[in-house]
Amino acid sequence: MKSMIFDKPFAVFMCIFVLFTSYKINEPVSSDKTIISIYPTGSYSETYYFEIDSSKTLKAMCGTRNHERIENENFLDENSVKSSETISLEPQDYQQLISLLDKIEADNSVEYKYYTDSWDISIFYNGKSYVTNEPTENENINNLEKFIMDISPIDIDLHGWA
C-alpha cells in the first residue's frame, strides 16, 4: 500500500514535467507568419522551408523536419539546415504570393492523397494549415509551388526516386 502512495505523486509530477518540457516543441507559430514547406512523403530530411512575413521578407531553408505539424514552432530543425538565405521580395512578387495563398484559402478543396515517392506540400496561412502532395489536381497549389520555386533564393531539387 505504501508504494502506491509514492507512485501517485511521482506519476503526477512526471505528467506535469512532460507537458511543460514538450510545450516549446509544440508551441504554435504566430498567425502573422506564412510558411510553405515542400518535403518527401514519408521522410523528415530534405525539407524545403519558406517563411514569409509582413515586411515582405522571404526566408528559405533546406534541412530536416522535427515533426509533421507546420503550424508549430521548431517545425524545421535549425541545426540540420544545409542551405539558408533571406531576401526582400519585390512588391509584385509579394502580391502574387499573397494572391495565390488567398485563392488556396478560398478554394476549400485541398485534399491529401497518399502517393509513394512523391513530395508533400504544407502551408500555414492566416492561422490555418493545409497539406497536400504531388500530384495534385489543385491548380492553385500547383501555381503556388511553381511560383515559390521561381522566387526561391536557394536551389530546390524535387527529384524522383527509382
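Before going into details, it helps to say that this report is about the structure given with it. As the structure is a prediction and not an experimental result, all values here were calculated from the model.

## What about unusual backbone geometry?
Then, number 1: Following Glu134, the chain continues into Pro135 via a peptide bond in cis, with omega recorded as -5°.
Then, number 2: With respect to the helices, strands and loops of the structure, Pro135 is situated in the loop between β7 (128-133) and α3 (139-151).
Then, number 3: Although it is not a glycine, Glu46 sits at a positive phi angle of roughly 60°.
Then, number 4: By the element assignment, Glu46 lies in the loop between β1 (34-40) and β2 (47-52).

## Comments concerning the packing of aromatic side chains
Then, number 1: Tallied over the entire structure, the rule returns three aromatic pairs.
Then, number 2: An aromatic cluster is built from Tyr39, Tyr49 and Phe75, whose rings are joined through pairwise contacts.
Then, number 3: Positioned over the ring face of Tyr39 is Arg65, at 3.7 Å from the centre of the ring.
Then, number 4: One cation-aromatic arrangement involves Arg65 over Tyr44; the distance from NZ or CZ to the ring centre is 4.4 Å.

## Points about the nonpolar core
Then, number 1: Within the largest apolar cluster, 27 residues are counted, with the highest numbers of intra-cluster contacts made by Phe50, Leu97 and Ile123.
Then, number 2: Put simply, the parts of the chain that give this core at least two residues each are β1, β2, β3 (57-65), α2 (91-107), β6 (119-125) and α3.
Then, number 3: By residue number, the principal contributor to this core is α2, which donates six residues.

## Considering the packing of α2 against α3
Then, number 1: Relative orientation of the contacting elements α2 and α3 amounts to 155°, with a least axis distance of 9 Å. With respect to each other, α2 and α3 are oriented roughly antiparallel. Between α2 and α3 lies a crossing of left-handed hand. On α3, the residues that touch Asp93, Gln96, Leu97, Leu100, Leu101, Lys103, Ile104 and Asp107 of α2 are Asn140, Ile141, Asn143, Leu144, Phe147, Ile148 and Ile151.
Then, number 2: The class makeup of the residues in the contact of α2 with α3 is nine nonpolar, three polar and three charged.

The rules we used
- Numbering of residues begins from 1 in every chain and follows the order in which that chain's sequence is written.
- For a predicted model such as this one, the threshold for reporting local features is a pLDDT of at least 70, and the threshold for listing and counting side-chain atom pairs is 80 or more; totals across whole chains, interfaces and linings nevertheless cover every residue.
- Calculation of side-chain values draws on the structure's entire complement of heavy atoms; hydrogens and water are dropped beforehand.
- Helix numbering and strand numbering both begin at the N terminus, where a helix is a DSSP run of H or I of at least 4 residues and a strand a DSSP run of E of at least 2.
- Centres within 6.5 Å are what make two rings of Phe, Tyr or Trp a pair, Trp counting through its six-membered ring; a difference in plane orientation under 30 degrees is then read as stacked, over 60 as edge-to-face, and the rest as tilted.
- Think of it as a cone above the ring: NZ of Lys or CZ of Arg counts as a charge over the ring if it is within 6 Å of the ring centre and within 35 degrees of the ring normal.
- In this description, a nonpolar core means a group of buried Ala, Val, Leu, Ile, Met, Phe, Trp, Tyr and Cys residues linked to one another through side-chain atoms lying within 4.5 Å.
- Categorising residues by exposure relies on relative accessible area from a 1.4 Å probe, with only protein chains included: less than 20% of the type maximum marks a residue as buried, more than 50% marks it as exposed, and the intermediate range marks it as partly exposed.
- Only the contacting stretch of a helix is used when fitting its axis, a line to C-alpha atoms as for every element, and angles between N-to-C directions run 0 to 180 degrees.
- Note on terminology: angles under 35 degrees are roughly parallel, angles over 145 are roughly antiparallel, angles of 65 to 115 are roughly perpendicular, and the others are oblique.
- Should the near helix be turned anticlockwise from the far one by less than a right angle, the crossing is left-handed, and should it be turned clockwise, the crossing is right-handed.
- Throughout, a residue-residue contact means that at least one pair of heavy atoms, one from each residue, lies within 4.5 Å.
- Residues are grouped as follows: Ala, Val, Leu, Ile, Met, Phe, Trp, Tyr, Cys and Pro are nonpolar; Asp, Glu, Lys and Arg are charged; all remaining types, including Gly, are polar.

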